[in-house]
Amino acid sequence: MCFFTNFDNAYSSTFRKDQMVYATRVIGTRFTFYKAFLSSDYFKSLEKGFPPDDLTATIYRFLANDNVTTFFGYDYANKDHRPLILDLLHISFKRISSQSIIQFDIVYEIQDESRQTGYHLKDIKSSDTRFTASLNLPPDHRDSIPEYGTKLKNLMFKVEYQTTNRIRVCISDLKEKRWRVPKEVVKLNENPTNKETNFDYEFGYESNPFGFYIKRKCDNERIFDTTNQRFIFKNQYIEISTKLPSRSNIYGFGETTGSFKRNVGSRMTIWARGENLYGSHPYYVELRNGKAHGVFLLNSNGMDVIYEEEKLTYKVIGGILDFYIFMGPSPIDVVQQYTELIGNPYFIPYWSLGYHQCRWGYDTIPKLEDTVKRHKEANIPIDAVWIDIDYMDVYKPFTFSPSHFPPDQFAKFAESLHQNNQRLVAIVDPGIKILKGFEPYEEGRKKDLFIKRADGEDFVGKVWPGTTVFPDWFHPESQEYWKETIRKWLDKVPIDGIWIDMNEIANFVNGDLSHETNIGRRDDKVMIPSADQTVTDMVVDEPDIIEDLDNKNDNDEIINLDVNNPPYSINNCGTESPLFHRTSPMDAFHHTGIKEYDAHNLFGHMEAIATFHALSSIRPNQRPFILSRSTFPSSGKYAAHWLGDNSSEWNDLINSISGILSFQLFGIPMVGADICGFNGKCKENIAIRWFQLGSFYPFCRNHNAINMPGQECYMTKKVERISKIWIHARYQLLPYWYTIFYFSSAKGLPVTMPLWFLDPNVQDTWDIDRQYLIGESILVTPVLESESTKVTGYIPAGRWYDFISGKIFYEGDQGKWIELDAPIEVIPIHIRGGSIIPMHCQVGLQIYECRKSGIKLQIALDQEGKAKGNLYLDDGETPLEKVGNNYTLISFTVENKKLKVEGTFGYHDSQGAFVNEIVFLGSKELNLNEKTKFIVSSSPPSLPSLVTDGIDVQLKKEIIAENVVVEMDNLIIKGLGIELTGEFTISWE
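In every chain, residue numbers begin from 1 and rise along the written sequence. The predicted origin of the model limits local features to residues at a pLDDT of at least 70 and limits the giving and counting of side-chain atom pairs to 80 or more, whereas totals for whole chains, interfaces and linings rest on all residues. Working from all heavy atoms in the structure, the side-chain values ignore hydrogens and water.

Asks: Just to check I follow, could you spell out the overall build of the protein for this structure?
Replies: Numbered from the N terminus, helices here are DSSP runs of H or I no shorter than four residues, and strands are runs of E no shorter than two. Helix and strand content of the protein: 23 helices and 52 strands. Type-normalised accessible area, obtained with a 1.4 Å probe on protein chains alone, sets the label of each residue: buried when under 20%, exposed when over 50%, and partly exposed for intermediate values. Residues counted as buried form 64% of the 989 residues belonging to the protein. The long-range share in the protein, meaning contacts at least 24 apart out of those at least 6 apart in sequence, stands at 71%. Here a residue-residue contact requires only that any non-hydrogen atoms of the pair lie within 4.5 Å.

Asks: Which parts of the structure should I look at to understand the side chain of Thr888?
Replies: Here Thr888 is to be found in strand β42 (residues 888-894). Exposure remark for Thr888: the relative accessible area of 1% places this residue in the buried category. Counted as a polar contact is a pair of N or O atoms within 3.5 Å, where, for protein atoms, one must be capable of donating a hydrogen and the other of accepting one, and residues adjacent in sequence contribute only when both atoms are in side chains. Engagement of the side chain of Thr888 in a polar contact is seen with the backbone nitrogen of Gly906, the distance being 3.3 Å. There is a polar contact of 3.0 Å between the side chain of Thr888 and the backbone nitrogen of Tyr907. Ignoring anything within four residues of it in the chain, the contact list for Thr888 reads Leu871, Tyr872, Leu873, Thr904, Phe905, Gly906, Tyr907 and Leu980.

Asks: Even after reading the chapter, I still don't get the sheet that holds strand β13 (residues 267-270), so can you show me in this structure?
Replies: Two pairing modes exist for strands in a sheet, parallel and antiparallel, and in both the strands are linked by backbone hydrogen bonds. One open sheet holds the five strands; their spatial order is β10-β11-β17-β16-β13, and the pairing between them is antiparallel. Because the sheet does not close on itself, it has two edges, and the strands there are β10 (232-233) and β13. Summarising the sheet, β13 and strand β16 (residues 303-308) pair through four bridges and their orientation is antiparallel. Each residue of the ladder has a partner; that of Ile270, found in β16, is Met303. Only when DSSP finds a minimum of two bridges between them are two strands counted as paired.

Asks: Is there a simple way to think about the packing of helix α20 (residues 717-732) against helix α21 (residues 734-747) in this case?
Replies: For any two helices packed against each other, one specifies the inter-axial angle together with the distance between the axes. Only C-alpha atoms enter the line fits that serve as axes; for helices the fit covers just the stretch in contact. Angles between N-to-C directions range over 0 to 180 degrees. Axis separation between α20 and α21 bottoms out at 5 Å; the angle between their running directions is 50 degrees. By the criterion of interaxial angle, the relationship of α20 to α21 is oblique. Where α20 abuts α21, its residues Arg730, Tyr731 and Gln732 lie against Leu734, Pro735 and Trp737. Each residue is assigned to one class: nonpolar for Ala, Val, Leu, Ile, Met, Phe, Trp, Tyr, Cys and Pro, charged for Asp, Glu, Lys and Arg, and polar for all the others, Gly among them. Here the contact of α20 with α21 is built from residues that sort into four nonpolar, one polar and one charged. Each angle gets one of four labels, with under 35 degrees taken as roughly parallel, over 145 as roughly antiparallel, 65 to 115 as roughly perpendicular, and the rest as oblique.

Asks: Where do I start with the pattern of salt bridges in this structure?
Replies: One side chain can pair with another of opposite charge once the charged atoms of both are near each other. Between Lys or Arg on one side and Asp or Glu on the other, a salt bridge is scored when a side-chain nitrogen of the former is within 4 Å of a carboxyl oxygen of the latter. Scanning the entire structure with this criterion turns up 43 salt bridges. When the shortest N-O distance is used, the salt bridge between Glu443 and Lys447 registers 3.2 Å. For Lys447, a relative accessible area of 30% gives the class partly exposed. Salt bridges here are not isolated pairs; linked through shared partners, they connect Arg130, Glu160, Arg168, Glu190 and Asp322.

Asks: Got a minute to help me understand the environment of Gly431 in this structure?
Replies: Mapped onto the elements of the fold, Gly431 is located in the loop between β21 (423-428) and β22 (432-433). As for Gly431 and Thr467, which are separated by 36 residues in sequence, their C-alpha atoms are 8.5 Å apart. Among residues more than four places away in sequence, those in contact with Gly431 are Pro397, Val463, Thr468, Val469 and Phe470.

Asks: Explain the packing of helix α19 (residues 684-694) against α20 here, please?
Replies: Following both chains from N to C, one finds α19 and α20 inclined at 10 degrees, their axes separated by 8 Å at the closest point. Our classification of the angle between α19 and α20 gives roughly parallel. Contacts between α19 and α20 involve Glu684, Ala687, Ile688, Phe691, Gln692 and Gly694 from the first element and Lys718, Val719, Ile722, Ser723, Trp726, Ile727 and Arg730 from the second. By residue class, the composition of the contact of α19 with α20 is seven nonpolar, three polar and three charged.

Asks: Can you walk me through the nonpolar core in this structure?
Replies: General note: in soluble globular proteins, nonpolar side chains tend to be found buried as a group. Ranked by size, the top nonpolar core spans 226 residues in total, and within it Tyr391, Phe410, Ile486, Trp489 and Leu899 carry the most contacts. Among the elements that make up this core, the one with the highest residue count is helix α17 (residues 603-618) (nine residues). Within the second largest apolar cluster, 44 residues are counted, among which are Ile171, Phe203, Tyr314 and Val316. By nonpolar core is meant a set of buried Ala, Val, Leu, Ile, Met, Phe, Trp, Tyr and Cys residues that side-chain atoms within 4.5 Å join together.

Asks: Where do I start with the packing of aromatic side chains in this structure?
Replies: The description of two aromatic rings rests on the distance between their centres and on the angle between their planes. Each aromatic pair joins two rings of Phe, Tyr and Trp (for Trp, the six-membered one) with centres within 6.5 Å, and gets the label stacked for planes under 30 degrees apart, edge-to-face for over 60, and tilted for any other angle. Within this structure, the stated rule accounts for 70 aromatic pairs. Seen in terms of ring centroids, Phe157 and Phe212 are 5.7 Å apart; in terms of plane orientation they differ by 45 degrees. Their pairing is tilted. With Phe157 in strand β5 (residues 154-163) and Phe212 in strand β8 (residues 210-216), this pair connects stretches of sequence that are 55 residues apart. Comparing Phe157 with Phe212, the two get one shared label, buried. Between Trp386 and Phe625, the aromatic rings sit 6.1 Å apart at their centres with planes inclined by 85 degrees, giving edge-to-face as the arrangement. Taken together, the residues span a long stretch of sequence, with Trp386 in strand β20 (residues 384-387) and Phe625 in the loop between α17 and β26 (626-628) at a distance of 239 residues. Assigned by exposure class, Trp386 and Phe625 land together as buried. Here, over-ring charges are defined by two tests on the NZ atom of lysine or the CZ atom of arginine: distance to the ring centre within 6 Å, and angle to the ring normal within 35 degrees. Cation over ring: Arg701 sits above Trp642, and NZ or CZ is 5.3 Å from the ring centre. The ring of Trp737 carries Arg730 above its face, with NZ or CZ at 5.4 Å from the centroid.

Asks: In this structure, what is going on with unusual backbone geometry? I would like to understand it.
Replies: Most peptide bonds adopt trans geometry, and most residues besides glycine take a negative phi value. At the junction of Gly328 and Pro329, the peptide bond is cis and its omega measures out at 10 degrees in the coordinates. For Pro329, the position within the fold is in the loop between β18 (321-326) and α7 (331-342). Here the residue pair Glu504 and Ile505 is connected by a cis peptide bond, since its omega of 15 degrees sits within 30 degrees of zero. With a phi close to 55 degrees, Val394 is a non-glycine residue in the positive phi region. One can find Val394 in the loop between β20 and α9 (407-419). Phi is positive for Thr592, which is not a glycine, with a value near 65 degrees. Mapping Thr592 onto the fold places it in the loop between α15 (561-564) and α16 (596-599). In this structure Thr592 comes out as exposed when scored by relative accessible area, which is 66%.

Asks: Before we go on, may I ask you to explain helix α11 (residues 478-492) in this structure?
Replies: The periodicity of an α-helix, 3.6 residues per turn, causes residues three or four positions apart to be oriented the same way. For α11, which comprises 15 residues, the first-to-last C-alpha distance of 22 Å matches the rise-based estimate of 21 Å (1.5 Å per residue) to within 8%. Along α11, the positions that sit buried rather than exposed are Ser478, Tyr481, Trp482, Lys483, Thr485, Ile486, Trp489 and Leu490. On the buried face of α11, the contacting elements are β21, β22, α10 (439-446), β25 (497-500) and α17. Expected span of a helix, by definition, is 1.5 Å for each gap between consecutive residues, and there is one gap fewer than residues.

If you want it as structure tokens, here you go:
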């Protein structure tokens, strides 16, 4: 960023305005760049755009030859100064010839912009737990990017020492009138302390130019540091940067696809749109020197986050800067500290952990009946049948097609599912059809409950049913409206769960339709993909709408250019598209005048809240199940999430793991991808591998598009045979899943995690996103390449058992990369030594049948002969706050050849409240056999009983497939029938 004189206009035109800094004083030194430099590799790299870091050193050497020892007051030898120097020297010559000889004068010395245009800290007030000050621009300040608007001259700076491990830093307008996320929308558990003075962090600052840092005391690491970085605060452009170490490890910022660890050079856009993906999560976790910390920016405006080699820059187009910084230092600590603030995830109903079958295209009741029947015939469990927009009357929400889904017949189908202990989940879109006599529309119009466009009329969009309006969740009567609309809908058909889709807001046109003078039947027609179209293809291929939208120009009175086209363009859709591209207009407004520009990213989150409260009111004794496409911080308190419209491609199978891991960081653990992919024609090989991996997703659902072939687990005989193995494995493990979901709800823990959560000091694990852990005990290493029958995976330190055979697979003090055999029938799964895994004894066609078979404890001893685990049981559907004492929470420990079972035993029911089997893995290695004596002692004390019957040592071969034969190594004690009514022990010798 230099301002030169005497060079060709062709070169100067390549400068961006925001890359220039203003000169402050003339210096007399002349520098000549000769042909040798212009033909060098360093200079040639400039033709490719942004220069490499080496350019700084190169130019430094050239200048040093002329006795220039520092750059503009900064010393290159000082590592902290290098990013500043690099910023000052970045030049973007894209059309310069390497054969040119250019001589020019540097007539100005370039100063650090923050010293010339930065804020000064004044009016400081501080205590043991708070710090406040004002930020003021000096009278002679200069603005390097005036095209982004005028800087706010006076700001408020607040710091709150909230808890031992959490600090809040807030920068806002002086009078605090700017938009900020309302407390009733994101209800934070802030609980700032006025007593605690022993904090895990230290706050520091520089007054002129302003900057601040947060230092973690345990390692003196500045985990957030804005000192000597550019800071800008304008009405529609806020920029702030924090320093990073070289080779940093950043995770989070979503929703997006790609690797779990974010890549240097990324421009991460947070804006709820299908092309950006659906959720808005300005939160990240950084792993540094084996310790983790987290940073949350509470802001609902659009933003870009620029990840460079040694800094992270936020570019936000509205609101305020409201940071919450979490000290960790373990990754689990960070997740818990974040969920402690935003709220722990809601506790899901047990049935939602089962297998779910869905597709867009089950357009008659017989088709739904057929898929239920075929799963039963294939002996494949299914707990929930899903229905897409097919059930609606011309795609109007809260309606039923009179010809294909008459309510009385559809209700009978739902009841038949209930008789089989299965559930029905249906989709609801937020767009309410504009139609005279349509009750949800008429009721909303009467109460004035829809989002308004700039002139005060209802904002009109277009989705499946044609022209639509959208509920205004900020309106105080919207909750009652939504609840009563859902109640009337459920009175007709007893649907069990609600799937809220298209809630970014999705729109098939750009912004508002109602300003169009020729709005009519063309805009009101139903749109459905055809042939191989995706939904995106369908919208793009609609020429009339695009043509009309292109006529919307800068002179249109409806468009407010300040909000629909802000001065800084975030990278919307990857192309810096307008904010209203395929969504709502930004000058639309909500109750009390709240602009869509500010609240856009909250729509899906607020719909989830409204739906959760509606179902909780209608069915107060049942846990709601809601699946939402669009999310925001704290959405996990109300809804689950799926990763959206993926495709039947290997890359999407790979990226599903990163998506699931990211949402564990975001506090939304119930998450999964559409098994086999939503778009595209799924082939047999990827279907098998996807069913294998999908059986170990937290949320396990098969779903695909209306114009694609069916991809149910019975799509081919081979897919049916192999998918059944792994769906059965999922059902066996459900007590373990249910227990870790309980701890997620009770303590804010993730249910899946990356491998570096086990030991953050192991550098080999920092980039791994093709494997993951379920809880801390189950390692999943899927095959993610076509036709591959081997996969290389990292096995962490310790003892690990093979899930199928029970044999000890690996044992070592350090982790190791190992090539694993994975024929098409097998996904490598390993159990961590030291774990006790609660399982179902038998697999039925529904979870209800599995629970009746009792609990099996699978014991995987570590090198010291120890193991531990937990089990949570209740009725599976009563809301957690109403469970009272009707639950069982047990801890299992094994030590000194004794299994001890302790805890709370309040759940008394035939559904699974007894231990019927115990399995010891690796029995041969552990010298366990049929002669081993097992003694059961219960509490209250009774005569010990010697177990002699039902001991089965599985030292045999099991045929998984014709070419897959596994030698089993388990010792199983069957038929125990120990009721979980009190403590007991089992010892052996």
